[in-house]
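# Overview (structure and organization)
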Amino acid sequence: MGVSSRVVVSALIALQAIVHGAGPAWSATKVSFGQVSPTATIWPGVVATKKGFFAANGVELDTVSIGVSPGMQAVASGSLNIMHNTCNAVISFIESGGGGVHLSLVSMGVHPGVVIGRKGLKSPAELKGKVVGTSSVKSGSTILLRRVLKAHGLDPATYDVVAGQGSAQIFSGLQAGAFDAVWLVPPQSLVAQAAGFPVIGTFKEAGH
């Protein structure tokens, strides 16, 4: 399905089975929805909530932010009903012996990620010996990150990759000086650029 593919548990689609199976006299069904970080990838669910689509169909959506691996554990244990995550996180969890989770829906769109450097950074070459932040070291997004940096001549062995959970969290790390560069998606990527943090690469360059 491609490194950049994501498991998109779109609220409007993923909850259809729940809503349709509730019968004609719907009572409020509480559904716990996990997200790694509040990014544009889950905006359809935000819009649906604001518009009252869920409430109109007897569904109460409880959204929580949780890490990639903890999210898989939460789904497996039943403390989360559904989780928006990368497909490779689900596959890795299952291959490592985990159970109770499965892919619900896969999106094949181009990854909107961009690589953002600390203020004053001119090129990826300046990241030698530096720290780059990502959501999960083993995620598909990190593979794309490494490909982008390699395309700019930066050998993977010359910099450190450190996990900092989701886009919102690693952006905070960049702002605090904990990271010299991170990959971000909207809206954090847009906020970062507006604040003067330079874009030093895009995931489109990875050729996924």
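Structure shown above.
Fair warning: this is a prediction, and the values are worked out from it, not measured in the lab. All residue numbers here refer to positions counted from 1 along the written sequence of the relevant chain. Thresholds applied to this predicted model are a pLDDT of at least 70 for local features of residues and 80 or more for the giving and counting of side-chain atom pairs; totals over whole chains, interfaces and linings are not thresholded and use all residues. Hydrogens are left out, water is left out, and the side-chain values use all remaining heavy atoms of the structure.

## Thoughts on the packing of aromatic side chains
- Aromatic rings from Phe, Tyr and Trp, with only the six-membered ring used for Trp, were paired whenever their centres fell within 6.5 Å, and each pair was classed as stacked if the ring planes differed by under 30 degrees, edge-to-face if by over 60, and tilted otherwise. Tallied over the full model, the rule gives two aromatic pairs.
- Centroid distance Phe171 to Phe197: 6.0 Å. Interplanar angle 80 degrees. Geometry classified as edge-to-face. A residue pair is termed long-range when its members are at least 10 positions apart, and Phe171 in helix α8 (residues 167-176) and Phe197 in the loop between α9 (188-194) and β10 (199-202) qualify at 26 residues.
- With centroids separated by 5.6 Å and ring planes inclined at 40 degrees, the aromatic side chains of Trp183 and Phe203 adopt a geometry described as tilted. Taken as a pair, Trp183 in strand β9 (residues 181-184) and Phe203 in the segment after β10 lie far apart in primary sequence, 20 residues in all. Like Phe203, Trp183 is buried.
- A cation sits over an aromatic face here: Lys119 above Phe197, 5.1 Å from the ring centre. Numbering of helices and strands starts at the N terminus; helices are DSSP runs of H or I of at least 4 residues and strands are runs of E of at least 2. Burial classes follow relative accessibility: with a 1.4 Å probe on protein chains only, a residue under 20% of its type's maximum area counts as buried, one over 50% as exposed, and anything between as partly exposed. Sitting over a ring, as applied to charges here, requires NZ of Lys or CZ of Arg to be within 6 Å of the ring centre and within 35 degrees of the ring normal.

## Remarks on the pattern of salt bridges
- The term salt bridge refers to a side-chain nitrogen of Lys or Arg lying within 4 Å of a carboxyl oxygen of Asp or Glu. Enumeration over the complete set of coordinates arrives at one salt bridge.
- Among the salt bridges present, the one from Arg118 reaches Asp180, with a minimum N-O distance of 3.2 Å. Of this pair, Arg118 sits in the loop between β6 (114-117) and β7 (131-134) while Asp180 sits in the loop between α8 and β9; the two residues are 62 residues apart in sequence, bridging distant segments of the chain.
- For Arg118, a relative accessible area of 26% corresponds to the partly exposed category.

## Some points on the pairing of strand β8 (residues 160-163)
- Strand direction decides the pairing type here: β7 and β8, joined by four bridges, are parallel. Across the sheet, residue Thr134 finds its bridge partner in β8, namely Ala163.
- The parallel pair β7 and β8, bridged by helix α7 (residues 140-151), forms a crossover whose chirality is right-handed. DSSP bridges decide pairing: two strands pair if at least two such bridges lie between them. With the strands aimed away from the viewer, a crossover counts as right-handed if its path from the first strand over the helix to the second runs clockwise.

## With respect to the sheet that holds β8
- Taken in spatial order, the five strands of this open sheet run β8-β7-β9-β6-β10, and their pairing is mixed. Both outer strands of the open sheet, β8 and β10, are each paired with one neighbouring strand and no more. For this sheet the average axis-to-axis angle between neighbouring strands, irrespective of direction, equals 25 degrees.
- Note that β6 and β9 share four bridges and pair antiparallel. Orientation is described by lines fitted to C-alpha atoms, with helices fitted over the stretch in contact, and by angles between N-to-C directions that extend from 0 to 180 degrees.

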